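A structural walkthrough
Here is what each chain is made of, one letter per residue.
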Amino acid sequence: MKILSWFNRNNSVSTKPLLNVDIHSHLIPGIDDGAQSIDESLRLIRGLCDLGYKKIITTPHVMLGTYNNTPEIIYNGLQKIREAIKSSGIQVEVEAAAEYYFDDHFIKQISDQKLLLFSDKYVLFELPVMFKPPQLEDVIFEITTRNLIPVLAHPERYLYMHTKGLDAYEKLKNRGVLLQLNLLSPIGYYSKPIQNVSKQLIKYGWIDLLGSDMHNEKHLHFSKRALEDKHIIELLNQPQLLNNKLI
Ligand SMILES: [Fe+2]
């Protein structure tokens, strides 16, 4: 991992690892609750570049009835972004996958082999906020037996998993699920309980991927602060973190 030397408050040299790859964001304009115009997309992409990102894998929501995004819609949007980046002279690689909501449509896409993946094998999915779906374990089995790797988006945000000892997370990891923390969670952006669980998941070394989950300029503003957070820096120094291996 590339290391940038910098001076801390005591004027002694410390090391701040760079985060080169983002694997979760909503930057394709007008197709979900993220960027709504190509100008907004470009502002967010430029902001991510300023933070040090070299590659952005953007992941629009796919949620039946709310965000009916197909691979064609997503790839058309990606093409627009790539053209805009080229004419703006921004130096960054942008790819697209999806953030699948755990619903019947997602389950069907798995069996129909129509999932949008990143790095050829990772499936980013999110769960309902209020309850754990009863089919979760079966669907994880279905994904892993197809030699794909399930990646749970922002596991720290599901309050029903905040059990003693965080055993719900351990069980998922034992089933082959990778855990993707949101960059803003450890700074308390979402809530105090989410912040606390984020810190614990980092401490246990259970976070496999870090995602900006960038939707808007407010997220960009707080991302700058998050990259200075000591828990995020601790995570960036952990060997299991996969982000920079996806370049
Ligand atoms: Fe997201």
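Structural notes, computed from the coordinates. Remember, it's a predicted structure, so these values are computed and weren't measured experimentally.

So, the side chain of D229
Inspection of the secondary structure assignment puts D229 in the loop between α7 (217–226) and α8 (230–236). No salt bridge is formed by the buried D229, whose closest oppositely charged neighbour, K199, lies at an N-O distance of 6.7 Å.

Some remarks on the coordination of the iron ion
Bound to the iron ion are the protein donor atoms H24 (NE2), H26 (NE2), E99 (OE) and D213 (OD), situated 2.1 to 2.3 Å from the metal. With four donor atoms in place around the iron ion and angles of 83 to 170° between them, the coordination shape is irregular. Read in sequence order, the donor residues for the iron ion give the motif H-x1-H-x72-E-x113-D. Here E99 lies in strand β7 (residues 99–101) and H24 lies in the loop between β3 (21–22) and α1 (38–50), a separation of 75 residues in the sequence. Grouping residues by exposure puts H24 and E99 together as buried.

Section: the nonpolar core
Core analysis: the largest hydrophobic core is formed by 65 residues, its most contacted members being I45, Y100, F106, L152 and L210. Setting aside anything within four residues of it in sequence, one finds L210 in contact with L19, D22, I23, Q180, L181, N182, L183, I232, L235, L236, L241 and N243. Counting residues in hydrophobic clusters, the runner-up holds 13 residues, among them A97, Y122, L124 and V151.

Structural notes on a nonpolar patch on the surface
Taken together, the side chains of V129, M130 and F131 define a hydrophobic patch exposed on the protein surface, amounting to about 370 Å² of accessible area. Its relative accessible area of 49% is what places F131 among the partly exposed residues.

Remarks on unusual backbone geometry
The phi torsion at S119 lies on the positive side, around 50°, for a residue other than glycine. On the secondary structure map, S119 appears in the loop between α3 (104–111) and β8 (122–126).

Digging into the sheet that holds strand β6 (residues 93–96)
Here we have three strands laid out as an open sheet, ordered β3-β4-β6, and parallel in their pairing. Both edges of this open sheet fall to β3 and β6, since each of them pairs with a single strand only.

Points about the pattern of salt bridges
Scanning the model with the defined rule gives seven salt bridges in all. Between K132 and E137 there is a salt bridge, with the nearest N and O atoms lying 2.7 Å from each other.

Side note on the sheet that holds β8
Pairing is parallel in the open sheet, where six strands are placed in the order β5-β7-β8-β9-β10-β11. The two strands at the open ends of the sheet, each matched to only one other strand, are β5 (61–62) and β11 (209–211). Where β5 lies against β7, two bridges are found, and the strand directions are parallel. Considered in β7, the bridge of V62 is made with Y100. Lying over the sheet, helix α4 (residues 136–145) contacts β8 and β9 (149–153), oriented at roughly 135° with respect to β9.

Description of the environment of M63
Within the secondary structure, M63 is located in the loop between β5 and α2 (71–88). A relative accessible area of 18% places M63 in the buried class. If sequence neighbours within four positions are ignored, M63 has contacts with N68, Y101, D103 and E126.

So, α4
Turning to α4, its buried residues number three or more, namely L136, V139, I140 and I143. Here the buried residues of α4 occupy an arc of 105° about the axis, which is enough to place them on one side. For α4, the exposed residues set more than 90 degrees away from the buried face come down to D138 and F141. Of the surrounding secondary structure, the elements contacted by the buried residues of α4 are α3, β8, β9 and α5 (167–174). Downstream of α4 by one or two residues, N147 has phi in the positive range, about 60°.

Thoughts on the pairing of β8
Of all five residues in β8, five are buried, a share of seventy percent or more. Here β8 shows no split at all, with Y122, L124 and E126 on one side and V123 and F125 on the other all buried. Bridge analysis of β7 against β8 gives two bridges, and the strand direction is parallel. By the bridge assignment, Y100 is partnered in β8 with F125. Where the polypeptide runs from β7 across α3 and back to β8, its parallel neighbour, the crossover connection is right-handed. By the bridge criterion, four bridges tie β8 to β9 in an arrangement that is parallel. Across the sheet, residue L124 finds its bridge partner in β9, namely V151.

What counts, and at which threshold
- Residues numbered from 1 in each chain as written.
- Predicted model: local features only at pLDDT ≥ 70, side-chain atom pairs only at ≥ 80, totals over all residues.
- Heavy atoms only, no water.
- Helix = DSSP H or I, 4+ residues; strand = E, 2+ residues; numbered from the N terminus.
- Buried < 20%, exposed > 50% of the residue type's maximum accessible area, 1.4 Å probe, protein only.
- Lys, Arg positive; Asp, Glu negative; His and termini not counted.
- Salt bridge = Lys/Arg side-chain N within 4 Å of Asp/Glu carboxyl O.
- Donors = N, O, S within 2.8 Å, 3.2 Å for Na, K, Ca; no water.
- Tetrahedral: all angles 85-135°; square planar, octahedral: opposite > 155°, others 65-115°.
- Core = buried A, V, L, I, M, F, W, Y, C linked by side-chain atoms within 4.5 Å.
- Contact = heavy atoms within 4.5 Å.
- Patch = residues over 30% accessible without salt bridge, like charges linked within 9 Å, V, L, I, M, F, W, Y side chains within 5 Å.
- Areas by Shrake-Rupley, 256 points an atom, 1.4 Å probe, with all protein chains shown as cover.
- Pairing = 2+ DSSP bridges.
- Axes fitted to C-alpha atoms, helices over the stretch in contact; angles between N-to-C directions.
- Arc of directions from axis to C-beta.
- Right-handed = clockwise from strand over helix to strand, strands pointing away.

Structural measurements only, silent on function.
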